[in-house]
Amino acid sequence: MIVTLAEAKGYLRLNLDSTDEDTLVNTLITAAETYLYNATGTTFNSQQPLAKLFVLILVADWFENRGAVGHV
């Protein structure tokens with residue numbers, strides 16, 4: 001795991017004591033880490049700061065821009 005739930009919630013400025021968004025944030029972390037692996041074919045870890053930043057930025061983008069995609 002490149003990013004922990006607590007790190008992602010801190011980056012998103014979510015209340016660390018609240019569990020309201022934990023399932024969504026965990027799903028986004030998994031998706032972002034999978035995306036990074038699929039794009040590079042490389043397994044990264046939490047000791048690689050650029051990989052960590054990439055996952056955090058992608059999670060933030062997906063979290064903040066949720067909604068219907070395309071025409072409804």
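The text that follows walks through the structure, step by step, so that each part is easy to find. Everything quoted here is computed from the prediction, not taken from an experiment.

**Section: the pattern of salt bridges**
Part 1 of the argument: In the structure shown here, the tally under the stated rule is three salt bridges.
Part 2 of the argument: Across the salt bridge formed by E7 and K52, the nearest N and O atoms sit 2.7 Å from each other. Remark: K52 occurs in helix α3 (residues 49-64) and E7 occurs in helix α1 (residues 5-11); sequence separation between them is 45 residues.
Part 3 of the argument: Judged by its relative accessible area of 34%, E7 falls in the partly exposed class.
Part 4 of the argument: Residue E21 pairs with R66 through a salt bridge whose shortest N-O separation is 3.5 Å. Of this pair, E21 sits in the loop between α1 and α2 (22-40) while R66 is found in the segment after α3, placing the two residues 45 residues apart along the sequence.

**Quick word on the packing of α2 against α3**
Part 1 of the argument: Running from N to C, α2 and α3 cross one another at 130°; their axes reach a closest spacing of 9 Å. The orientation of α2 relative to α3 falls into the category oblique. In this structure, α2 meets α3 at a crossing whose hand is right-handed. Across the interface between the two elements, L24, V25, L28, I29, A31, A32, E33, Y35 and L36 of α2 pack against A51, F54, V55, L58, V59, W62 and F63 of α3.

**Overview of the packing of aromatic side chains**
Part 1 of the argument: Following the criterion strictly, the structure yields two aromatic pairs and no others.
Part 2 of the argument: Geometrically, the ring pair formed by Y35 and F54 is stacked, given 6.2 Å between the ring centres and 20° between the ring planes. Highlighted residues: Y35 in helix α2 and F54 in helix α3, separated in sequence by 19 residues.
Part 3 of the argument: Look at Y35 and you get partly exposed, because its relative accessible area is 47%.
Part 4 of the argument: F54 gets classed as partly exposed once you look at its relative accessible area, which sits at 32%.
Part 5 of the argument: Aromatic rings pair up to connect Y35, F54 and W62 into one cluster.
Part 6 of the argument: Here the basic side chain of R66 rests over the ring of F63, its NZ or CZ set 4.3 Å away from the ring centre.

Analysis parameters
- Residues numbered from 1 in each chain as written.
- Predicted model: local features only at pLDDT ≥ 70, side-chain atom pairs only at ≥ 80, totals over all residues.
- Heavy atoms only, no water.
- Salt bridge = Lys/Arg side-chain N within 4 Å of Asp/Glu carboxyl O.
- Helix = DSSP H or I, 4+ residues; strand = E, 2+ residues; numbered from the N terminus.
- Buried < 20%, exposed > 50% of the residue type's maximum accessible area, 1.4 Å probe, protein only.
- Axes fitted to C-alpha atoms, helices over the stretch in contact; angles between N-to-C directions.
- Parallel < 35°, antiparallel > 145°, perpendicular 65-115°, else oblique.
- Left-handed = near helix turned anticlockwise from the far one by under 90°.
- Contact = heavy atoms within 4.5 Å.
- Phe/Tyr/Trp six-rings, centres within 6.5 Å; stacked < 30°, edge-to-face > 60°.
- Lys NZ or Arg CZ within 6 Å of the ring centre and 35° of its normal.

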